[in-house]
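Coordinate inspection notes
Below are the chains, spelled out letter by letter.
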Amino acid sequence: MTNGTHHSSPPSAFRAWCVLVVQSFQRHLRVRQMGWVSAVLLGLVVVWVAFATQNGAWELAGHRARRITTPIKDNQPSSAAPLARLTNAQEAERLRPDSRYNALAGGNTDRFQPHEVPNPLNPTEDALASLVLSIPHAAMRSEVPVGTAPEVVTKVEPNRFLTSWRFMSYSRWVIFLVFMGFVLPLFTLSYASGAFGTERESRSLVWLMTRPIPRSGIYLAKFLGTLPWCVAFGLGGFVAVCLAGGPAGREALARFWPAAAMGTVAFASLFHLVGAIFRRPVVVGLVYVFFYETVVAILPGSLKLLSLTFYARSLMYNEAVGAGHPGEMLPAMTEAVSSATAWWVLAAAPVVITLFGMWLFSRSEYRDDI
Amino acid sequence: MAAQTDTLLRYRPWRGTPRGPLYASTALARASLKLLFRQRLMWGLFALALLVFFGFFFCQYLLVLISNLLDTESVRFASLPVTVRSIKRFFAPLELDGTAHTFGNFIWYQGYVLVIVLALAGSVLVGNDFAHGSLPFYLSKPIGRWHYLLGKCLAIGVVINLLTTAPAMILWVEAGVLSDWQSYYLDHFTLLLGIIGYGATLTVVLSLLTVATAVLVRRTVPMAMIWMGLFVLLPMLSRWLVETFKDERWRLFDLWNNLYLCGLFCLNADPATIRPQPQPAYWEAWLATAAVVAACVLYLRKRIQAVEIVQ
Amino acid sequence: MSTETPLLLFEQVSKWYGSVLALNQVTLELTGGITGLVGANGAGKSTLLRMANGQLKPTLGQVSVRGTDAWDWKARRLVGYCPDIDAFYEDMSGRRFVWVMARLCGYTRAESKRRTEAVLERVGMSERADRKLRGYSKGMRQRIKLAQALVHDPELLILDEPLSGIDPIGRQELLELFQALAAQGKCLLISSHELESLEKLTNHVVIMARGRIVAVGTLQQIREMLDDRPVSVRIDVDRPREVARLLLALSEVIAVDVAPKLADGGEGIVVKARNPKRFFELFGRLVVEHQLEVRRLEPLDESAHAILGYLLGGSGKT
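Structure report, in brief.

**Some remarks on the overall build of chain B**
For chain B, the count of helices and strands is 13 helices and 2 strands. Seen through its principal axes, chain B has C-alpha atoms that stretch 95 × 50 × 40 Å. Across the 311 residues that make up chain B, the buried fraction comes to 48%. Taking contacts inside chain B between residues at least 6 apart in sequence as the whole, the part at least 24 apart equals 70%. Carbon and sulfur atoms make up 68% of the accessible area of chain B, which amounts to about 15500 Å² in all.

**A short note on the overall build of chain A**
The helix and strand inventory of chain A stands at 15 helices and 0 strands. Of all 370 residues assigned to chain A, the portion counted as buried reaches 53%. By sequence separation, contacts in chain A at least 24 residues apart represent 73% of the contacts at least 6 residues apart. For chain A, the exposed area adds up to about 16100 Å²; of that, 66% sits on carbon and sulfur atoms.

**A look at the interface of chain B and chain A**
Opposite the 32 residues of chain B that make contact, chain A presents 32 residues. Each partner contributes to the roughly 3200 Å² buried at the junction of chain B and chain A, and carbon and sulfur atoms together form 77% of this total. In terms of surface lost to chain A, no three residues of chain B exceed Met225(B), Leu233(B) and Trp240(B), which account for 21% of the buried area on that side. Where chain B touches chain A, the interface holds 3 residue pairs in polar contact (both at pLDDT 80 or more). If you list the elements that add at least two residues to the side of chain B that touches chain A, you get α3 (40–66), α5 (100–131), α10 (189–217) and α11 (220–245) of chain B. Considering every element that reaches the side of chain B that touches chain A, the biggest residue donor is α11(B), with 16 residues. Considered class by class, the residues forming the side of chain B that touches chain A number 22 nonpolar, 7 polar and 3 charged.

**Considerations on a nonpolar patch on the surface**
Residue and element names in this part refer to chain B. A cluster of nonpolar side chains, contributed by Leu50, Phe54, Phe58, Tyr61 and Leu65, occupies part of the molecular surface with about 490 Å² of accessible area. Locating Leu50 in the fold gives a position in helix α3. Assessed through its relative accessible area of 43%, Leu50 is described here as partly exposed.

**Here we look at the pairing of strand β11 (residues 231–237) of chain C**
All names here are of chain C. Among the 7 residues in β11, 6 count as buried, and that is most of the element. Pairing of β11 with strand β13 (residues 269–273), which is carried by 5 bridges, proceeds in the antiparallel orientation. What sits directly across from Ile235, in β13, is Ile269. Two strands pair when backbone bridges link them, and β11 and strand β14 (residues 294–299) are joined in this way by 5 bridges, in the antiparallel orientation. Looking at the pairing, Val233 lines up with Pro299 of β14.

**Structural notes on the nonpolar core**
In terms of nonpolar packing, the biggest core is built from 275 residues, with Tyr170(A), Leu206(B), Phe10(C), Leu48(C), Phe97(C) and Phe178(C) touching the most fellow members. Apart from residues lying up to four places away in sequence, Leu48(C) is in contact with Phe10(C), Leu23(C), Val26(C), Leu28(C), Leu37(C), Leu189(C) and Met208(C). Listed in part, the 18 residues of the second largest apolar core include Val243(C), Val253(C), Ile269(C) and Leu282(C).

**Quick notes on the environment of Val206(C)**
In this structure, Val206(C) sits in strand β9 (residues 204–209). Setting aside its immediate chain neighbours within four residues, Val206(C) contacts Leu28(C), Thr35(C), Gly36(C), Leu37(C), Val38(C), Ile213(C), Ala215(C) and Val216(C).

**Concerning the interface of chain A and chain C**
Across the contact, 40 residues belong to chain A and 43 residues belong to chain C. Between chain A and chain C, roughly 3900 Å² of surface is buried when both sides are summed, and carbon and sulfur atoms account for 55% of that area. The interface formed by chain A and chain C holds 2 salt bridges in total. Taking the shortest distance from any N to any O, the salt bridge between Arg27(A) and Asp91(C) comes out at 3.0 Å. If you look at where chain A meets chain C, you find 15 residue pairs in polar contact (both at pLDDT 80 or more). Secondary-structure elements contributing two or more residues to the side of chain A that touches chain C are α1 (13–30), α10 (205–209) and α15 (339–363) of chain A. The biggest single contributor to the side of chain A that touches chain C is α1(A), with 9 residues. Looking at side-chain class alone, the side of chain A that touches chain C contains 15 nonpolar, 13 polar and 12 charged residues.

**Let's talk about the pattern of salt bridges**
A full pass over the atoms with the stated rule returns 23 salt bridges over all chains. Across the pair Asp247(B) and Arg249(B) runs a salt bridge whose closest N-O atoms are separated by 3.9 Å. Here Asp247(B) falls in the partly exposed class, since its relative accessible area comes to 25%. Judged by its relative accessible area of 45%, Arg249(B) is partly exposed. In this structure, Arg278(C) engages Glu281(C) in a salt bridge whose closest nitrogen and oxygen atoms are separated by 3.5 Å. Taken as a pair, Arg278(C) and Glu281(C) lie in helix α9 (residues 276–290) at a separation of 3 residues, close to a single helical turn.

**Some remarks on the sheet that holds strand β8 (residues 187–192) of chain C**
Residue and element names in this part refer to chain C. Strand order in this open sheet of 6 strands is β6-β7-β8-β3-β9-β10, and the pairing throughout is mixed. The open sheet terminates on both sides in strands that have one partner only, identified here as β6 (79–82) and β10 (212–218). For this sheet, the mean inter-axis angle between neighbouring strands, taken without regard to orientation, is 15°. Pairing analysis gives 4 bridges linking β6 to strand β7 (residues 156–160), with the strands arranged parallel. For Val79, the partnering residue across the bridge sits in β7 and is Leu156. Where helix α4 (residues 138–150) meets the sheet, it contacts β6 and β7, and its direction lies at approximately 170° from that of β6.

**So, the environment of Glu121(C)**
Residues and elements named next belong to chain C. Within the secondary structure layout, Glu121 lies in helix α3 (residues 109–123). It is 9.1 Å that separates the C-alpha atoms of Glu121 and Ala147, two residues lying 26 residues apart in sequence. Within the structure, Glu121 has its side chain in polar contact with the side chain of Ser126 (distance 3.2 Å).

**Let's talk about the packing of aromatic side chains**
Enumeration over the complete set of coordinates arrives at 47 aromatic pairs over all chains. Here the aromatic rings of Phe167(A) and Phe256(A) are separated by 5.6 Å at their centres, their planes lie at 35°, and the arrangement is tilted. Taken together, the residues Phe167(A) in helix α9 (residues 160–201) and Phe256(A) in helix α12 (residues 246–277) connect sequence positions 89 residues apart. Of the residues examined, Phe167(A) reaches a relative accessible area of 0% and is grouped as buried. Joined through ring pairs, the aromatic side chains of Phe53(B), Phe54(B), Phe56(B), Phe57(B), Phe58(B), Phe106(B), Tyr109(B) and Tyr112(B) make up one cluster. One cation-aromatic arrangement involves Arg172(A) over Trp173(A); the distance from NZ or CZ to the ring centre is 4.7 Å. The ring of Trp71(C) has Lys57(C) sitting right over it, with the charged end atom 4.9 Å from the ring centre.

Conventions we followed
- Residues numbered from 1 in each chain as written.
- Chains lettered and ligands numbered in written order.
- Predicted model: local features only at pLDDT ≥ 70, side-chain atom pairs only at ≥ 80, totals over all residues.
- Heavy atoms only, no water.
- Helix = DSSP H or I, 4+ residues; strand = E, 2+ residues; numbered from the N terminus.
- Buried < 20%, exposed > 50% of the residue type's maximum accessible area, 1.4 Å probe, protein only.
- Contact = heavy atoms within 4.5 Å.
- Areas by Shrake-Rupley, 256 points an atom, 1.4 Å probe, with all protein chains shown as cover.
- Buried area = accessible area lost by both parts, 1.4 Å probe.
- Polar contact = N/O pair within 3.5 Å; in protein donor to acceptor, adjacent residues only side chain to side chain.
- Nonpolar A, V, L, I, M, F, W, Y, C, P; charged D, E, K, R; others polar.
- Patch = residues over 30% accessible without salt bridge, like charges linked within 9 Å, V, L, I, M, F, W, Y side chains within 5 Å.
- Salt bridge = Lys/Arg side-chain N within 4 Å of Asp/Glu carboxyl O.
- Pairing = 2+ DSSP bridges.
- Core = buried A, V, L, I, M, F, W, Y, C linked by side-chain atoms within 4.5 Å.
- Axes fitted to C-alpha atoms, helices over the stretch in contact; angles between N-to-C directions.
- Phe/Tyr/Trp six-rings, centres within 6.5 Å; stacked < 30°, edge-to-face > 60°.
- Lys NZ or Arg CZ within 6 Å of the ring centre and 35° of its normal.

Pasting the structure below:
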């Protein structure tokens, strides 16, 4: 270092910055514990989704019937409980004229409401009732031979209505609830806020701050080094969850991946900022994710325009509606903004947030000792 | 000669006998609480918890206030007329009528804040001791490792009760004041005991769980991830498993639900009135909770026996 | 190397932490050589050092390194900083840590490697640098910290308590290293709370007390300055009048107040004396000869208190 004989290339701040990007990427690799916990949680989610898909959880047929049927006769409490939990397929089967007449013939009408019991003495009314009550069956099995078992139904390519239903049901439960409500915020929060959070927790930030790199550059390098992790677990989680979701999942992957990717980057930039500002960023982030985002999502009014997930969800909603799926199956999305707006906001948010973070970081002092 | 030195130095040796290590645990708990309440974030979370409490507090009052009105009458909210019936229907899930479910629901909702508070408490109280090497400082005192853990659990227990039991008791008092207080307090005295029972269960289970996870992962981020796994993912998962397999025992995966069931058992609620239905039997919930406690204790025991806890 | 602008310059620098005043109107100029910074714990040494390498911003005033604001990242090229905190990336080896630090200064791989080896050799760690940092002793950690400060060959080295936790042999080695660096033309600012260890190294010291610089210069200069400036000393004794008479007989004593108004309402005498060192020697003799019972002996002037503490040995508390 001190001998003048060796002529060396001068130090370059850009090279240092690039090293810092790589270095902050590797820091996360070092925290093995976090990797393990992430992998286990993600694995659990994926196994669950795969398992649910295998069991036809997103199929209309496999769903519990919306209407809870109560038996007319209360003297048989044992039959009450199972009856309340019929799936749509069973419910449709139950309401078919065949089974209703068979039940009447067998004198076993316990499982029917008064208006469902066949009334052969009034043919007009009975014909109308039969027609109405057989609609579910018709809708569910229009392309499937009558009498096919519900397990087989899921394997036969269903009609357009059923595909749509399956896709929206999958979107609602897996994408909106599990992915947007758990996988995405948790992983982006953990990794993005950890970029500065772990350095500050282990009081090693001073080593970076004494290097000849501009402070705003340190902020940006930390963000870029963390982003692959957020994308790996956020967007990677999305892909894994979609691939585990069968045909509906594959359609969701094709339709929603831009929104998921934009959401991941936006969240990552936000939580990176949180990590740079707060001493305990995870707790602040959790409050944001599980209070602000969830409360705001169900509140009417314009407050939700300040929620990042709202734009990602708007984008998904518009995409689904554009493909002809029933948008009203996605909850609380009636006030969705247009795709163009959502795109703009989601693209601008990371840039604005990161620029703000760079500005803030270059002005703040970081003291490790208190 | 000794007397002379005494006057010179003005020093009197302390002649008392030290109290047992259990007192050390309470001192440890006091110190931990001070540490926790120095965090500004903690006060923010408390404010959030107060929000939930005031929600219950004033809604309970509101429902009594409008109970004298007819269902079809309407009240003006921000110049929008709202019928009394829809207000009642809106608040119906909370069951703000001073029965067992009022308090059960309150603690259930408070759970959302509690989980975050506990993640913070775990990392501040236990994680920091490991990360910053302050553990030897405690263990060099004449107390055992269990006393250390007891102290930490006590501190966490105080926080838990501040968030759940204490406000629930205030709600109980309020419920009595809003109705005929003499008969309410007499008739529903068991409810007060039930609240205390619920609080005690929460205290034991959650403080042990917090300490155990904090000892396991130490850092805030993985700790928060584990908590979210436990209190967000597992409930989702268990709800779905119940739906799919039509077996309510899958709900036992959901620790918060188990604690809710245990609490409603203490509050002596009818199992058939618990939402969402179906629910596992009370004894099953107790068993699952006890299993969690046992797992925590066994884990802590293992870690404590290994000298590793220090490093 | 430009010589017009001073290497490190503090101009009327003050720093508040909330309502606590950590540095009070500090003005300091360094041009080269080794400077010792001494002061009791909490005197503001670390704050001053952190400002010098741009970790903290002054609330008032300006800190500059060769004319560049210390907060600016370019200034950090000229400054090597060895912090007092003891935290590393514990999972790295010492060699890897120093290498990464060199890389983060913007050197190529090969250059970083070369510098790392050279600097490890210099701090005497080249054989021991392959273990993980978490297993290092205090002294080894200090050496690694020193190595990373030296790795980019800075003009100004800021070392916060570099000698704490190092055994006597290692201490000697490091002192020699510091001297060698100074001989190369580097400027070193070394903090310590004991003057003794710095005295062997340098003659130029800065003494801090309560956020102020109370004395700057060579030890000799500081001593002379003290001689010229009389100090007030409070003495609590049993027979104040008799002691006052004895004290007035000393040539160093200018005045004695036998019934002063003291802040704590206690009783004692206040002596104004010049050449404090000589005064304390003579006073000590008086105490032994006349068997005086002295309950308290305390300079009333805060900065004199601190300087005296250091010059007479001890921790800064008389």
